[in-house]
Structure formats: C-alpha cells, structure tokens
Amino acid sequence: MRKKIVAGNWKMNTTVQEGIKLAKAVSDMVSKLDNSNAKVAIAPPFTHLSEIAKVINPDYICLAAQNCASEEGGAYTGEVAPAMLAELGVMAVLVGHSERRAYYKEDHNTLAKKVKLVLKNDMKPIFCCGEVLEERENNIQNEIVSKQLEESLFHLSSDEILNCIIAYEPVWAIGTGKTATAMQAQEIHAYIRSLLINKYGAEIANEITILYGGSCKPSNAPELFSNSDVDGGLIGGAALKSEDFLGIIKAF
Ligand code: 13P
C-alpha cells in the first residue's frame, strides 16, 4: 500500500538557529506520537540541512531539500548538486514547485533533468504540479496538470516512477488561505492517478503517493486527507509552527 506522507516546505524562512529549534520540536513531538500513520518529512533551506540532520530522529522524520541543480556538478555558480544533498542524508527533493517555475523560470526540460538526477542519487523527487487561478477558472486544470506530468515525469521507467512522489498544489491555494475543497482535491488527484494508470498500469499507479498542497492546516487536513486519492500534504506556512504541523500529521 502506498505511503501516507506529511511534508513541510519551509521555503525561505528561519535562520539556522531558529530552524534547529523548530526541527527539534517537530522531531520530539513526532517521536512521541503513538501510532502515526504518516511518514513525516521537513524541507528546510539548504544552509540548514547539515545542522538539522544532527538533531532530528531519523526513525521518525526524514530530511528533504527544496530544490537542486539540474547538472551533476561543475561551473554552475550558486547551484547545489543532488549528490551534495544525498551526502547530507537528504531523502527527497522538491522538483518544480510553482515558485521555482514562476520566479526562476524553470521549464519542463530542466525539471525532467532534475527528476532524473535526484533518482540517480537514490533520493525521491517530490514532483510538484498544479494550475494557476485563471486556468482553474477556465476549467483547464486537468490539461495543465497532464502536460506538466507528461513533459517532466512520464519519461521515467516503471522502476523510476515508483520512487517518485507527486504533489498537486493549485497555485491559487498556495499561501492565500484559499484551500481547494475536499471534492476538488479528490477529483484532480483521481485524475492524476488515472494518468498514472494509463501510462504505467494500475498496480504501479496505486503505489504512488499523491500529496495535496495549498493552505493546508489542522482544521482542513482531516477532510482533505479523508479522500481516497489524497495521500497526505505538502505544507508551507503551517509547517513553520510545530503545533500546527503536528495537528496536520495527526489528521491521519
Ligand atoms: P502554504 O501551505 O503556505 O499554502 O504553501 C503550500 C506550499 O507551497 C507547499 O509547498
């Protein structure tokens, strides 16, 4: 059965010292949960990873990164290679977050290369997809998401796709306080799963975790996560407060 996952994307927030405190608090709280059904991951900024790796309990929390380079190494000033992340104990890497697509103009070729490199370094890509408000208003969200998956993920083999996590994040719900309704989330998650079934077959598609992201909080997480194709959440703002993040984890 596919894994349930709650992952916190800290974005460009916290100093290293604040991050260590937050990570410790989350790790302590999660290790005290009797029977959490969800795997928990946190994705702090690059600068925090090696310090945070030392303070979290790896039996309960896994470390993720928010991005990586699309090249293996060399003269790429300011970039961080996937191998460098793997060396720090990073288990998963966000690829194609809407903020990377919008502000840093990451295109599908770049994302496809990142996905491959993350896998090559034995980490899991958390591949983000989702439509902007205008696309939702024109009811073309399925076409948009399908294109994003086709262009940057569906070049993978069956073995490779089994190591990927998909995060559906409607851009209009990110940081806006507007959450997709449980029905909207289930509909598009089921659609994403149908694309996976067409491409890789039902057995593989049913093993792939599909997360929802966008203004997820303790109050709406239970309803969102109760849908059969919503396998957890990718959490932004609420991941910066240990109590809120725990509240979301407890929704499982
Ligand atoms: P918010 O939870 O702050 O809306 O952010 C979601 C997100 O972008 C996670 O990657």
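Note that the structure is predicted; figures quoted are calculated from it, not measured. Think of each chain on its own: its residues are numbered from 1, step by step along the sequence as written. This being a predicted model, a pLDDT of at least 70 is required before a residue's local features are given, and a value of 80 or more before pairs of side-chain atoms are given or counted; all residues contribute to the totals for chains, interfaces and linings. In computing side-chain properties, one takes all heavy atoms of the structure into account and sets aside hydrogens as well as water.

Engineer: How do you make sense of helix H12 (residues 242–249) when you look at a structure like this?
Structural biologist: Along H12, the positions that sit buried rather than exposed are Ser242, Phe245, Leu246, Ile248 and Ile249. Down the axis of H12, the buried side of the element spans an arc of 160°, and every buried residue falls inside it. By definition, residues are in contact when any of their heavy atoms lie within 4.5 Å. Think of it this way: any DSSP run of H or I at least four residues long counts as a helix, any run of E at least two long counts as a strand, and we number them from the N terminus. On its buried side, H12 packs onto strand S1 (4–9), helix H1 (16–32), strand S2 (38–43), helix H11 (221–225) and strand S8 (232–235). Burial classes follow relative accessibility: with a 1.4 Å probe on protein chains only, a residue under 20% of its type's maximum area counts as buried, one over 50% as exposed, and anything between as partly exposed. Comment: arc refers to directions from the helix axis out to C-beta atoms.

Engineer: I'm lost on the packing of H1 against H12 in this one. Help?
Structural biologist: How two helices pack is summed up by the angle between their axes together with the distance between the axes. Closest axis-to-axis distance for the H1/H12 pair is 10 Å, and the angle between their directions is 35°. For the element pair H1 and H12, the recorded crossing hand is right-handed. Within the contact between the two elements, H1 uses Leu22, Ala25, Val26, Met29 and Val30 and H12 uses Ser242, Glu243, Phe245, Leu246 and Ile249. Interaxial angle, 0 to 180 degrees, is taken between N-to-C directions of lines fitted to C-alpha atoms, where a helix line uses only the stretch in contact. Here a crossing is called left-handed whenever its near helix is offset anticlockwise from the far helix by less than a right angle, and right-handed whenever the offset is clockwise.

Engineer: What exactly am I supposed to notice about the pairing of S1 here?
Structural biologist: Every regular strand shows the same layout, with side chains that alternate between the two sheet faces. Most of S1 is tucked away: 5 of the 6 residues are buried. Pairing analysis gives 6 bridges linking S1 to S2, with the strands arranged parallel. Looking at the pairing, Gly8 lines up with Ile42 of S2. Here the rule is simple: two strands pair whenever DSSP picks up at least two bridges between them. Bridge count between S1 and S8: 4 bridges; the pairing is parallel. Across the sheet, the residue bridging to Gly8 is Ile235, located in S8.

Engineer: What is the right way to read the site of the ligand from this model?
Structural biologist: Residues are counted as near a molecule or strand when any one of their heavy atoms sits within 4 Å of it. In the vicinity of the ligand, the contacting residues are Asn9, Lys11, His97, Glu169, Ala173, Ile174, Gly175, Gly214, Ser215, Leu234, Gly236 and Gly237. Here Lys11 contributes a side-chain N or O atom positioned 2.8 Å from an oxygen atom of the ligand. We call two N or O atoms a polar contact when they sit within 3.5 Å, provided that within protein one can donate a hydrogen and the other can accept it, with sequence-adjacent residues counted only if both atoms are side-chain atoms. A distance of 2.9 Å is found between an oxygen atom of the ligand and a backbone nitrogen or oxygen belonging to Gly236. Starting from 310 Å² of accessible surface for the ligand in isolation, the protein chains cover 95%. Throughout, the Shrake-Rupley method with a 1.4 Å probe supplies accessible areas, and for residues the shown protein chains are the sole cover considered.

Engineer: I would appreciate a short explanation of the side chain of Asn9 in the present structure.
Structural biologist: Within the secondary structure, Asn9 sits in strand S1. A relative accessible area of 4% means that Asn9 is categorised as buried. Only 3.0 Å separates the side chain of Asn9 from the backbone nitrogen of Lys11, close enough to count as a polar contact. If we ignore the near neighbours within four places in the chain, the residues touching Asn9 are Ala43, Gln66, Leu94, His97, Leu234, Ile235, Gly236 and Ala239.

Engineer: What am I meant to see in the packing of aromatic side chains here?
Structural biologist: Describing an aromatic ring pair means giving the distance of the ring centres and the angle of the ring planes. Classification of ring pairs rests on two measures: the distance between centres of Phe, Tyr or Trp rings, Trp counted by its six-membered ring, which must be within 6.5 Å, and the angle between planes, read as stacked under 30 degrees, edge-to-face over 60 and tilted in between. In total, this model carries 4 aromatic pairs according to the counting rule given. Seen from their ring centres, Tyr168 and Tyr212 are 6.5 Å apart, and the 50° between their planes marks the pair as tilted. Of this pair, Tyr168 sits in strand S6 (residues 165–168) while Tyr212 sits in strand S7 (residues 210–213); the two residues are 44 residues apart in sequence, bridging distant segments of the chain. One exposure class covers both Tyr168 and Tyr212, and it is buried.

Engineer: Got a minute to help me understand the environment of Thr15 in this structure?
Structural biologist: Checked against the element boundaries, Thr15 lands in the loop between S1 and H1. Considering only alpha carbons, one finds Thr15 and Leu119, 104 residues apart in sequence, at a separation of 29 Å.

Engineer: What's the story with the sheet that holds S7 in this structure? I'm lost.
Structural biologist: Strands pair in a sheet through their backbones, by hydrogen bonds, and they do so in one of two ways: parallel or antiparallel. Spatially, 8 strands are ordered S1-S2-S3-S4-S5-S6-S7-S8 in a closed barrel, and the strand pairing comes out parallel. Pairs of neighbouring strands in the sheet enclose a mean axial angle of 30°, with direction left out of account. As defined by bridge partners, S2 adjoins strand S3 (residues 61–65) across 3 bridges and the pair is classed as parallel. By the bridge assignment, Ala41 is partnered in S3 with Cys62. In the packing of helix H9 (residues 182–200) onto the sheet, the strands contacted are strand S5 (124–129), S6 and S7, and the crossing angle to S7 comes to about 145°.

None of the figures reported here should be taken as evidence of function without further support.
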